[in-house]
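One-letter residues, chain by chain:
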Amino acid sequence: DDDIFSSAFCENSEKLINVHLFALAAKYYSLSSLGVCTPLEDVLEALKGDSEGATAIKPDEFMNNKKSHEVQVMSELVDCIANYCGIKQVIDIGAGKGYLSSFLSMQYNLKVYGIDSSSSNTSGAHERNRKLKKHWRAYQSRGRENLKSQSLEKANDRPVESEIKCETINEELLNNANSLQNQDQVIIQDLVSSCGFTEMATPATNTEAEADLVTGTQSHETKLSEEVLSILNVLSADAVEDFSSSHSNCGELCEEEKVQRKMTSLKTKARKSSESNLYFPLTSCITAETELNDIITDLEDCMMVGLHTCGDLAANTLRIFTAKPEIKAVCSVGCCYHLLSEQFESQEECHDQVWGFPMCQYLKDEGWCCGRNARMSACLALERVAVGQMLPTESLFYRAVLQVIIEEIYGITKSDRHVGKTFSKSSSFIDYVRRSLKKLELDDSKLPDSCIMDYYEKYKHRMNELEAFNMLKVVLAPCIEVLILLDRLCYLKEQENIAWSGLVKLFDPVKSPRCYAVIALKNQ
């Protein structure tokens, strides 16, 4: 196969002469074709076994569609891994504003520490948490009011009896459990249609509400139906208590039942106290040498996760995972390959530095280097281009001509400064160049508008050529990403304390181009 694909290039000039063969070779060496990925369904099935996972809810309204898709898929997997390993603590590296962290704590009742190097991101995570709690309390309050009003109406219609024996009360409790189902369905329809309530549900209330219901009917060995539990998923424990008390306080309860209710109430209060804040945003810069005990005082057996950890952070996450015995599992989705540090990119030797690439011993022995241009190409999104989301050709053209101007007029071939998102703020090419020069702190007074436009007209006819070149980069992108991801997987395979490791495609690549997770579990 290598011999066939090599004929895509001219032996003498090494120029590309067969684009079709080049595209086939790129496809052949992509992750989807190599067969090295483990299907997500297989992983979930192996982790869950015969147990049923938590009923999934959609992420909250404070996320866009892309983030919502990522958080929903990854949080289910993280919960399965945590259950499999018997752990309740999760460390979210590069947590940003806490989208994944808050959902893991709310939906799956996990204790999550979200660590980010940016204090503004941590502040944003706190603010987002505040909004979530504000809306959550409002939805809870509305649910309680609806439930109370309905129970009050029913209480007014019920005939008063002079004597109610304990046996009769217990029988009525059973009837209430059945009638609750119908009322719950009405309430949940109202909540869903009016405010998307189920998207805000927290797992803490699930267990509290279930405990109260089971206590109320346990003496008759009766379980509520799934429909009843579905509404309890979005109602607090005291809402259920209010409903049941309106039916059962009309007579004296059995002594045993009183004790049961008291114990359940105490347990619920204790649980509320301990679980009142399951998500803790922290600010810290994570490196391969980071001591988590210095950041998290109550560190226990846990797992590390990272949703689009940037550059070297993805590699350092794996290194910390292998080095710390408390960390039992890792699930990391990296991004920003262009920001990776490479050991063999520079001729200077830095023996003490920890590099982002390569990680595995095989590529280190080979002295492998990608280079910045290749890493930049690895960030491109082939699947998006394939469905018609074309590359921003005009902005790329502006950037290319700007580089020519800077080299020829100012004699600068390399700079640590960045132009950033100047194109979207510019009204024309002249405006773009002048804004960019100011960002680079270059004097634009010696560059008249006519000179700028001369450069534009000189290269305008090559815009199609630039577009074709960038399309070839897009086609090659998955092959470069394969190299980076397989390097990380091989690094895990080289460790002795890893029970299983693999690459798993988590996301729809059109919605989220960086869709592959590196997952590993340690020997138990």
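Calculation notes
- Residues numbered from 1 in each chain as written.
- Predicted model: local features only at pLDDT ≥ 70, side-chain atom pairs only at ≥ 80, totals over all residues.
- Heavy atoms only, no water.
- Pairing = 2+ DSSP bridges.
- Helix = DSSP H or I, 4+ residues; strand = E, 2+ residues; numbered from the N terminus.
- Axes fitted to C-alpha atoms, helices over the stretch in contact; angles between N-to-C directions.
- Contact = heavy atoms within 4.5 Å.
- Phe/Tyr/Trp six-rings, centres within 6.5 Å; stacked < 30°, edge-to-face > 60°.
- Buried < 20%, exposed > 50% of the residue type's maximum accessible area, 1.4 Å probe, protein only.
- Lys NZ or Arg CZ within 6 Å of the ring centre and 35° of its normal.
- pLDDT = per-residue confidence, 0-100.
- Polar contact = N/O pair within 3.5 Å; in protein donor to acceptor, adjacent residues only side chain to side chain.
- Right-handed = clockwise from strand over helix to strand, strands pointing away.

In the annotation of an unreviewed UniProt entry, the entry for the protein reads MET25 protein, and the organism field reads Myiagra hebetior.

Peer 1: Tell me about the sheet that holds strand β4 (residues 302–310), and please be specific about residues and values.
Peer 2: Strand order across the open sheet formed by seven strands is β3-β2-β1-β4-β5-β7-β6, with mixed pairing between neighbours. If you trace the sheet from one side to the other, it starts and ends with β3 (279–283) and β6 (498–505), each paired once. Between one strand axis and the next, the sheet turns through 15° on average, direction left out of account. The sheet contact formed by strand β5 (residues 327–335) and strand β7 (residues 516–522) spans four bridges and is antiparallel. Paired with Ser 332 across the two strands is Val 518, which belongs to β7. Against the sheet, helix α14 (residues 312–323) engages β1 (89–93), β4, β5, β6 and β7, with an angle of about 170° to β5.

Peer 1: With reference to specific residues and values, describe the packing of aromatic side chains.
Peer 2: When we look at a pair of aromatic rings, we describe it by the centre distance and by the angle of the planes. Tallied over the full model, the rule gives 12 aromatic pairs. Consider the rings of Phe 5 and Tyr 28, whose centres lie 5.5 Å apart with planes at 55°: the pair is tilted. With Phe 5 in helix α1 (residues 2–6) and Tyr 28 in helix α2 (residues 19–28), this residue pair connects regions lying 23 residues apart in the sequence. Given the relative accessible area of 16%, Phe 5 is considered buried. The class of Tyr 28 is partly exposed, set by a relative accessible area of 37%. Their ring planes at 20° and their centres at 5.0 Å tell us that Tyr 113 and Phe 280 sit as a pair that is stacked. Of this pair, Tyr 113 sits in strand β2 (residues 111–116) while Phe 280 is found in strand β3, placing the two residues 167 residues apart along the sequence. Chaining the aromatic ring pairs together yields one cluster made of Phe 397, Tyr 398, Phe 423, Phe 429, Tyr 432 and Tyr 456. Lys 522 extends its terminal NZ or CZ atom over the ring of Phe 321, reaching a point 4.9 Å from the ring centre.

Peer 1: Which residues make up the confidence of the model for the protein, and what values go with them?
Peer 2: When pLDDT is averaged along the protein, the result is 77; 67% of the residues meet or exceed 70. Helix α11 (residues 237–248) is the least confidently modelled element of the protein, averaging 33 in pLDDT, while β7 averages 98, the highest of any element. Across residues 158–252, confidence stays below pLDDT 50; counting only partners more than four residues off in sequence or on other chains, it has 145 contacts. A low-confidence stretch, residues 269–276 (pLDDT under 50), is modelled with seven contacts involving residues beyond four sequence positions or located in other chains.

Peer 1: Pulling in residues and values, what's your account of the side chain of His 308?
Peer 2: By secondary structure assignment, the location of His 308 is in strand β4. Judged by relative accessible area, which is 17%, His 308 ranks as buried. Of note is the side chain of His 308, whose polar atom sits 2.8 Å from the backbone oxygen of Arg 514. Excluding residues that lie within four positions of it along the chain, His 308 makes contacts with Lys 66, Glu 70, Val 333, Gly 334, Cys 335, Phe 507, Ser 512 and Arg 514.

Peer 1: Tell me about the pairing of β2, and name the residues and values.
Peer 2: Regular strands place their side chains on alternate faces of the sheet. Extensive coverage of β2 is indicated by the burial of five of its six residues. Alignment of β1 against β2, held across five bridges, turns out to be parallel. By the bridge assignment for β2, Ile 91 is matched with Tyr 113. Between the parallel pair β1 and β2, the chain is carried across by helix α6 (residues 99–108), and the sense of this crossover is right-handed. Pairing between β2 and β3: five bridges, direction parallel. Residue pairing in the sheet places Ile 115 in a bridge with Leu 282 of β3.

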